[in-house]
Every structure is written in structure tokens, then in C-alpha cells.
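The primary structure of each chain is shown beneath.
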Amino acid sequence: MANVLVVDDAKFMRLTIRNILTKANHTVVGEAENGKEAVSLYRDYQPDLVTMDITMPEMNGIDAVNEILREFPKAKIIMCSAMGQQRLIVEAIEAGAKDFIVKPFDESRVIEAVKRVLG
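I will try to describe carefully the structure that is included in this document. This structure is a prediction, so every number in the text was calculated from the model and none was measured.

What counts as what
Residues numbered from 1 in each chain as written. Predicted model: local features only at pLDDT ≥ 70, side-chain atom pairs only at ≥ 80, totals over all residues. Heavy atoms only, no water. Phe/Tyr/Trp six-rings, centres within 6.5 Å; stacked < 30°, edge-to-face > 60°. Helix = DSSP H or I, 4+ residues; strand = E, 2+ residues; numbered from the N terminus. Buried < 20%, exposed > 50% of the residue type's maximum accessible area, 1.4 Å probe, protein only. Lys NZ or Arg CZ within 6 Å of the ring centre and 35° of its normal. Salt bridge = Lys/Arg side-chain N within 4 Å of Asp/Glu carboxyl O. Axes fitted to C-alpha atoms, helices over the stretch in contact; angles between N-to-C directions. Parallel < 35°, antiparallel > 145°, perpendicular 65-115°, else oblique. Left-handed = near helix turned anticlockwise from the far one by under 90°. Contact = heavy atoms within 4.5 Å. Nonpolar A, V, L, I, M, F, W, Y, C, P; charged D, E, K, R; others polar. Polar contact = N/O pair within 3.5 Å; in protein donor to acceptor, adjacent residues only side chain to side chain. Pairing = 2+ DSSP bridges. Right-handed = clockwise from strand over helix to strand, strands pointing away.

This brings us to the packing of aromatic side chains. The final tally for this structure, using the stated rule, is one aromatic pair. Ring plane angle 55 degrees and centroid distance 4.9 Å describe the contact between Tyr 42 and Phe 72, whose orientation is recorded as tilted. With Tyr 42 in helix α2 (residues 35-45) and Phe 72 in the loop between α3 (61-71) and β4 (77-82), the pair connects residues that are 30 residues apart, well separated along the chain. The buried category is assigned to Phe 72, whose relative accessible area is 18%. Seen from the ring of Phe 100, Arg 109 lies directly overhead, with NZ or CZ sitting 5.9 Å from the centre.

Next up, the structure:
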């Protein structure tokens, strides 16, 4: 299965995503709580997939997507956002994110997005 980097400033959200992914036999290779950490961990692990929160301190998800894709154009990133952030989701997809999932996470929707993005 896939190696995944989970990025969210809320520990509870990272734990939720980690549980969904590990239950589906994926491996969470790292966790970051902001975009800056995400870029650094992406360089270290070059995972098959990243789940990226949009709203985070230090560097937001969209800036992190831009930075990761500049260095690694084949990176596969799924954005995570709260309800009502449609404008940010559009911005993230335009930046190169492959899909998005909405919080609170629906397990089947997360797995569906992961399968679709990994092809």
C-alpha cells in the first residue's frame, strides 16, 4: 500500500486520518503540524501521498502545495478543509492538489479519495 505524510495543525485530526489510513493498510511515514514542516518531511520521505490541511500556522497548505510541487512535480496531494472553505479548495486544486476531503472526515470518502489519487 501507500506511504503517506499527514499534515494538519490539529493533533486530533492527524490521529483521525492516521487511523483511517492504517485501517486501510497504508503506512503513515510522518506527521507535520504546519506547511513548513510538511515541505521538510516531504523532502525526507518523498511519500506516495500527502493529506494536507489548508489552514495552518507558519505556512498554510496552499503555499506548502506550491513549494512541494515546485520541487517534486509528481507529488500527489489531497487537501483537507472544513466546510465552507470552497474558495480555498478551488485555490488548492488550481495549485496542483489532486483531490480534497472535507472535515469532519468520512472514512469511506477518505479511502475513496486516496484510491482515486493513487490510481
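On to the pattern of salt bridges. Using the criterion set out here, one finds twelve salt bridges in the structure. Linking Lys 103 and Asp 8 is a salt bridge whose minimum nitrogen-to-oxygen distance equals 2.8 Å. Here Lys 103, found in strand β5 (residues 99-103), pairs with Asp 8, found in the loop between β1 (3-7) and α1 (11-23); they are 95 residues apart in sequence, far enough to count as distant. Here Lys 103 falls in the buried class, since its relative accessible area comes to 13%. Given a relative accessible area of 3%, Asp 8 falls into the buried group. Between Arg 14 and Glu 33 there is a salt bridge, with the nearest N and O atoms lying 3.9 Å from each other. With a gap of 19 residues between them, Arg 14 in helix α1 and Glu 33 in the loop between β2 (27-32) and α2 connect regions that are remote in the sequence. Arg 14 gets classed as buried once you look at its relative accessible area, which sits at 7%.

Here we come to the packing of α2 against α3. How two helices pack is summed up by the angle between their axes together with the distance between the axes. Where α2 meets α3, the closest approach of the two axes is 9 Å, and the angle between their N-to-C directions is 20 degrees. On the basis of the axis angle, α2 is roughly parallel to α3. The interaxial crossing formed by α2 with α3 has right-handed handedness. Residues Gly 35, Ala 38, Val 39, Tyr 42 and Arg 43 of α2 form the contact with α3, whose participating residues are Ala 64, Glu 67, Ile 68 and Glu 71. In the contact of α2 with α3, the residues fall into five nonpolar, one polar and three charged.

Relative to the helices and strands, Asp 53 is located in strand β3 (residues 49-53). Overall, Asp 53 belongs to the buried group, its relative accessible area being 3%. Looking at Asp 53, its side chain comes within polar contact range of the side chain of Lys 103, at 3.1 Å. The residues touching Asp 53, leaving out its near neighbours within four places in the chain, are Val 7, Asp 8, Asp 9, Gly 61, Met 79, Cys 80 and Lys 103.

On to the pairing of β2, then. Bridge count between β1 and β2: five bridges; the pairing is parallel. Within β2, the residue paired with Asn 3 across the bridge is Thr 27. Handedness of the crossover joining β1 and β2 through α1 is recorded here as right-handed.

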